[in-house]
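Below, each chain spelled out in residue letters.
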Amino acid sequence: MHGRLKVKTTEEQAEAKRLEREKKLHHYVTATKAIFEKRKLGQLDKEALELTGQILGANPDFATLWNFRREIFLHLEEETPDEMQALCKAELSFLESCLRVNPKSYGTWHHRCWVMEHVPEPDWARELELCNKFLESDERNFHCWDYRRFVVQRSLVPPQDELAFSDNLITRNFSNYSSWHYRSRLLPQLHPDPHQQGRITEEVLLKELELVQNAFFTDPNDQSAWFYHRWLLGRADPEPTIRCLYVNREDASLVVAFSHPVAVAPASHDLVVFGDESPLVVRWRTPHGRNKPGLMWLCELPPAALNDHWPQHTFRVLWAEGRSQKECVLFKGHKDCWSQDSVTEEQVFRCELSVEKSTVLQSELESCKELQALEPENKWCLLTIILLMRALDPLVYERETLSYFETLKAADSMRSAYLDDLRSKFLIENSILKMEYAEARVVDLSQRGLTILCHLEHLLLVTHLNLSDNLLCCLPPSLAMMRCLEVLEADENGIETLEGLPPLPRLEELSLCNNRIRRPSDLRTLASFPKLAHLNLQGNPLCQIPGVQSELAALLPNVPTILT
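The structure reproduced in this document is the subject of the present report. Because the structure is a prediction, the values reported are computed rather than measured.

## As for the overall build of the protein
Piece 1. Looking only at helices and strands, the protein features 16 helices and 14 strands.
Piece 2. For the protein, whose C-alpha radius of gyration is 33 Å, the value lies well above the compact-globule estimate of 24 Å for 564 residues.
Piece 3. With the C-alpha coordinates of the protein rotated into their principal frame, the extents come out at 110 × 65 × 60 Å.
Piece 4. Here the protein, with 564 residues, has 48% of them falling under the buried criterion.
Piece 5. Within the protein, counting contacts between residues at least 6 apart in sequence, those at least 24 apart form 57% of the total.
Piece 6. As displayed, the protein has an accessible area near 29,300 Å², and 52% of this comes from carbon and sulfur atoms.
Piece 7. Of the side-chain charges in the protein, 63 are positive and 82 negative, and the distance between the mean point of each set is 6 Å.

So, in C-alpha cells, the structure goes:
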C-alpha cells in the first residue's frame, strides 16, 4: 500500500468543496464590507480599485461596484494624461477578463463604454477587433452588438464598411438575426428612399429580396431571414396628418380624426378651429374621455358659429404641429358635413407598387408556394405567403388569404389567438377599402369570425354597422369614435357586458340577441346613450331572471327592450 496516492472518498470530496466555498464566501464578504467602508469614508484610491477588482473578477454583475469604480476614476482624472491613459488601458484589460467570465454582462459592457469616453487616447480599431472576437464566439450576443454600434458611432466608421461586415456574417451563417437587423439599420442610411423616410430605394430593395429568399430557401425553419423579409415588405409611416373633419349641426359638435395618435391640450393653440375664417374658442376632448394621445378629438362649437340665417358656414381646422389643415362647408338645411382623405389614394393599408416590384413580389409568392408544398407545416412560409398577398392586392387575394390562415392556425396552434386577431384586422381593412369604393355608410361585418375590432377611426361616418355572428367578447371603448352610428347589430357573439363603453351620441337601435349578458347591471352604461330608442336582448341569460323586465325598465326608463 506504500507509495500509492490516497483517493478521497465522496464524503471527503464534498467536505473539501464545502470548505473551499466557505473560504471564498468569507473572502467575498470581507472584501465587500471593506469596499463599502471605503466608499462611506470617501477613500477613492487605487486600493479601492484593487478591492473592487477582486469581487468583479468573480462576479461582473455587481452594478454598485462598477459605479464605485467610475467614482474613483473621476477622482483620479487629476492625474497626468499619461497616468490616466495607463489606468484606462489597465481597466480595459480588466474588463476583457470580466467579459470572459460573462460575455453578456450588462454592467461590464456599459462600463467599457464609459471608460472609452474618458480615456485620453481611445484605440477604436482595437475595440472593433474585440467586438469581432466576441461575435466570432457568439454571433447573437446583443450586448456586443450594442457596443459595436457605440464604437462605430464614436469612431465614424463608414456605414458601407459595416454593411460589408454584415454581408460577411450572413454569408457564413444565414441564421444570424442580429446581422439581419443591423442591415435594416444600415441600408436606410446608405440608400434612403426620397419618398419614404426610413425605407430604402426600390433597386436595393429588389436585391435584398433576392438575398433573403436564398436564405429562407436554404433553411426554411430559421426565423431570422423571415423576420427580415417582413421588414422589407413593410412601409414607412407616413407623416401625421388630419384624415377627416366632421361637423354636426344637431349637437353643435366638430370632430377631427388623425392618421396617428396625437396629444391635444383642452385649450390647445396647436389645433385651431376657424368658423367662417374667424378663430373659435373651443375645448378639446377624446370620444372616450381619456386625457392621452388619441386618433380622434372633438369639441363643441359656440352657438354663434351655427347661425341658421346664413346660407352656409365654412369650418377649417388648422393643426400647427403636423402642418396640415382640412375644411368643410355646412349648407343651410343640412344636418352635417365632412371632408376626408381617401384610404385607397393614401395607401393606408398597403404600399403603392411599381410594375417591377409587383413582378418581383409575384415571383416571390410563387416561390413561397412551391416551398410550402415541400414544407407544408412551415409557419414562417405560410405567414409570408399571406403578407405577400396583402402587399400585392388584399381584395383580389382575400379568399385565398383566409384559406392560408386556416392552414397556418393548424400548423401553429400555440399562436391561434394571435392569428385570429391578425385575420380579423385584415378583414376589417378589406371592408374599409370596399366601403370606400362603394362610397357607402353601411358596413356589414357579420359572419366573418372576428375576434377584435380595429381601425374604427375610419368608420367615423358609418351609420349602420352589422357585427352579428362573430366571436367578439366585448364592444371596445374605441367604438366611441363612430360618432354617426345609428344602428348597431351585434347578435350571436360572446358579449358578456357593455361596461366601459362610452356613450354613442346618435345610436338609436342596438341588437344584442344571443350573447352572454347575465345581469341588468351589465347594461348600465346604456343609460347615458342620449338617443337609444330600441334594445333587443333576446336569447341572453338575463332573460331567464324573474322580474328582469321591471329591473330593466328602472335602469333604462326611456328604452323599450325586447326580451322574448
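## Topic: helix α1 (residues 10-40)
Residues that lie three or four places apart on an α-helix share one face, since the helix turns once every 3.6 residues.
Piece 1. Across its 31 residues, α1 extends 45 Å between first and last C-alpha, which sits within 8% of the 45 Å expected from 1.5 Å per residue.
Piece 2. Among the residues making up α1, those that are buried are A31, T32, I35 and K38.
Piece 3. Against the buried residues of α1 lie α2 (46-58) and α3 (63-75).
Piece 4. Phi for G42, located one or two positions after α1, is positive at around 75°.

## What to know about unusual backbone geometry
Piece 1. A positive phi angle, near 55°, is found at L156, a position not held by glycine.
Piece 2. Topologically, L156 is positioned in the loop between α7 (142-155) and α8 (159-172).
Piece 3. Of note in the backbone geometry, A252 takes a positive phi value of approximately 50° without being a glycine.
Piece 4. Looking at where A252 falls in the secondary structure, it is placed in the loop between β1 (242-248) and β2 (253-262).
Piece 5. Overall, A252 belongs to the buried group, its relative accessible area being 19%.

Definitions and cut-offs
Starting afresh in each chain, residues are numbered from 1 along the sequence in its written order. Selection of residues for local features in this predicted model requires a pLDDT of at least 70, selection of side-chain atom pairs for listing and counting requires 80 or more, and totals for whole chains, interfaces and linings are taken over all residues. As a rule here, side-chain values cover all heavy atoms of the structure and leave hydrogens and water aside. By the criteria applied, helices consist of DSSP H or I runs no shorter than four residues and strands consist of E runs no shorter than two, each listed in order from the N terminus. The quantity called the radius of gyration is restricted to C-alpha atoms. Its globule counterpart is 2.2 Å times the number of residues to the power 0.38. Only protein chains enter the accessibility calculation, which uses a 1.4 Å probe; a residue is then buried when its area is under 20% of its type maximum, exposed when over 50%, and partly exposed in between. Any pair of residues with heavy atoms lying within 4.5 Å of one another is described as a contacting pair. Per-residue and other accessible areas were derived by the Shrake-Rupley procedure at a 1.4 Å probe size, with only the shown protein chains allowed to occlude residues. Note on charges: Lys and Arg go in the positive column, Asp and Glu in the negative column, and His and the chain ends are not counted at all. We put the charge of a Lys on NZ, of an Arg on CZ, of an Asp on CG and of a Glu on CD. Here, expected helix span is obtained from the residue count minus one, scaled by 1.5 Å.

Nothing here speaks to function; it is all geometry.
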